[in-house]
Amino acid sequence: MIFVTVGTGKFERLVKVADELAKRVKEKVIIQKGSSVCDVKNAECFEFSSDFDKYVEKADIIISHGGAGTIFSLMGKGKKVIGVANLNRIDRHQEEILEELDKQENLIYCKDFNLLRDVKKIKNIKLKKYKKPGFWIDRKIEEFLG
Amino acid sequence: MKTVMVVLGGGGHTKQLMPLIERLSKRYKIEYVIRKDGKPARKSIKGRIFKIMNPRTMQDKNPFLVTFKLFPYTIEAFWILSKSNSNAIIICGPAVSVPIAFLGKLLFRKKLIFIESWSRIKSGSLSGKLVAWLSDLIFVQWPGNKSYKKAIYAGRFG
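Residues numbered from 1 in each chain as written. Chains lettered and ligands numbered in written order. Predicted model: local features only at pLDDT ≥ 70, side-chain atom pairs only at ≥ 80, totals over all residues.

The next thing to look at is the overall build of chain B. A tally of helices and strands in chain B yields four helices and seven strands. Beginning at the N terminus, the succession of helices and strands in chain B can be written as β-α-β-β-α-β-α-β-α-β-β. Here chain B holds 158 residues, and 41% of them are scored as buried. Once local pairs closer than 6 in sequence are excluded, the contacts in chain B between residues at least 24 apart make up 51%. (Helix = DSSP H or I, 4+ residues; strand = E, 2+ residues; numbered from the N terminus. Buried ≥ 20, exposed ≤ 12 C-beta atoms within 10 Å, placed from the backbone. Contact = placed C-beta atoms within 7 Å.)

So this is what it looks like as structure tokens:
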């Protein structure tokens, strides 16, 4: 199963392209479309779900918006992730993180919305596991504040 | 026990701060500032909670209207800070935190700690650019981010 998530915002372009993808792949496609305003014809679709984690678990491939929280969480679960930057947002930082993680081979950054190509590609390559660096910001804060 | 105020912005800004708050709460009392229009406070939030309106909903093309609309927001930030017992304020970037950072540092003389978002590999956020010169401590979450002179890399939340 291919699970597509746009998060809480609007991302019509991704929903439309994912709907097209559903016509052309054998796998079932399920789309979480958030507040996107558009119809979906070829795939199962919902706005939000409390079963989000179950969909993630069942999915073989996840196509996700580039929100860092979602991306880190999906990679942490060892999922095959195709990231798509949502440039509707006020700033363009989704591009930045996806470019970096693509460079590190932790995921595939689909820049041009050609999902079919990247779905084929992700089946044939081995992504590197994302290594959490951990943090010691708390220690630095404690040193400073006492 | 010292008190630390944490400004949560909702969405990813909140999510990434939770593991840090968990650790800091062992040593400090935590006060939270959350958005009125955000989701109800999570159960994991333990401590005093202040609610503030979201300045993003007050955007307007007319600069006079913006000033006028931001006025109640600033009053609210002022009110929160005057009630707070905090020694320091931690912010992680959302727009809602910027006026609190300004008032908190300049008027209420609190220590200011800015943590750049985990989504910033190289660039600095607008909030960061506005707040960096006021901050006592700045963290970036990617070692290659050279947006701020004083910044420290001390790992990443994700």
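Here the narrative resumes, following the displayed structure.
Tallying secondary structure elements over chain A gives six helices and six strands in all. Counting from the amino terminus, chain A carries its helices and strands in the arrangement β-α-β-β-α-β-α-β-α-β-α-α. Taking 2.2 N^0.38 as the reference for a compact globule, 146 residues should give roughly 15 Å; the C-alpha atoms of chain A span a radius of gyration of 16 Å, in line with that estimate. By the burial criterion, 42% of the 146 residues in chain A qualify as buried. Across chain A, contacts joining residues at least 24 apart in sequence account for 55% of those joining residues at least 6 apart. (Rg over C-alpha atoms; globule rule 2.2 N^0.38 Å.)

With that settled, the discussion passes to the sheet that holds strand β6 (residues 137-140) of chain B. All names here are of chain B. The strand order across the open sheet built from seven strands is β3-β2-β1-β4-β5-β6-β7, with neighbouring strands paired in parallel fashion. Taken across any chain shown, the strands that pair with only one partner, and hence form the sheet edges, are β3 (48-52) and β7 (152-153). By the bridge criterion, three bridges tie strand β5 (residues 111-115) to β6 in an arrangement that is parallel. Bridge pairing in β6 places Ile115 opposite Phe139. Its contacts with the sheet put helix α3 (residues 98-106) on β1 (3-7), β2 (29-35), β4 (88-91) and β5, and the angle it makes with β4 is roughly 160°. (Pairing = 2+ DSSP bridges. Axes fitted to C-alpha atoms, helices over the stretch in contact; angles between N-to-C directions.)

Before going further, it helps to examine the sheet that holds strand β4 (residues 61-65) of chain A. Residues and elements named next belong to chain A. Reading across the sheet, the six strands line up as β3-β2-β1-β4-β5-β6 and stay open at both edges, with parallel pairing between neighbours. Of all strands in the sheet, those with a lone pairing partner are β3 (44-46) and β6 (108-109), marking the two edges. Where strand β1 (residues 2-5) meets strand β2 (residues 29-32), four bridges bridge the pair, whose relative direction is parallel. Bridged to Thr5 within β2 is Gln32. Set on the sheet, helix α1 (residues 12-24) makes contact with β1, β2, β4 and β5 (80-84); between it and β2 the angle comes to about 170°.

All right, on to the interface of chain A and chain B then. Listed by partner, the interface residues are 20 residues for chain A and 28 residues for chain B. Elements with a minimum of two residues in the side of chain A that touches chain B: α3 (68-76), α4 (93-103) and α6 (137-145) of chain A. Per-element accounting of the side of chain A that touches chain B gives the leading share, seven residues, to α6(A). Classifying every residue of the side of chain A that touches chain B gives ten nonpolar, five polar and five charged. (Nonpolar A, V, L, I, M, F, W, Y, C, P; charged D, E, K, R; others polar.)

This brings us to unusual backbone geometry. Trans is the common state for peptide bonds, and a negative phi is the common state for residues other than glycine. The backbone phi angle of Phe113(A) is positive, close to 65°, even though this residue is not glycine. Locating Phe113(A) in the fold gives a position in the loop between β6 and α5 (115-124). In this structure Phe113(A) comes out as partly exposed when scored by C-beta crowding, with 16 C-beta atoms within 10 Å. Despite not being glycine, Arg109(B) has its phi angle at roughly 55°, a positive value. Looking at the element boundaries, Arg109(B) is found in the loop between α3 and β5. By C-beta crowding, Arg109(B) is classed as exposed, having 8 other C-beta atoms within 10 Å.

Moving on: the environment of Tyr73(B). Residues and elements named next belong to chain B. Note that Tyr73 resides in helix α2 (residues 63-83). On the basis of neighbour count, Tyr73 is assigned to the partly exposed category, with 18 C-beta atoms found within 10 Å. The spatial distance from the C-alpha of Tyr73 to the C-alpha of Met53 is 6.4 Å, given a sequence separation of 20 residues.

All names here are of chain A. The buried fraction of β4 is high, at five of five residues. Bridging between β1 and β4 involves four bridges; their strand directions are parallel. Residue pairing across strands places Phe3 opposite Ile62, the latter belonging to β4. Bridge analysis of β4 against β5 gives five bridges, and the strand direction is parallel. Each residue of the ladder has a partner; that of Ile63, found in β5, is Ile82. Crossover handedness for the path β4 to α3 to β5: right-handed. (Right-handed = clockwise from strand over helix to strand, strands pointing away.)

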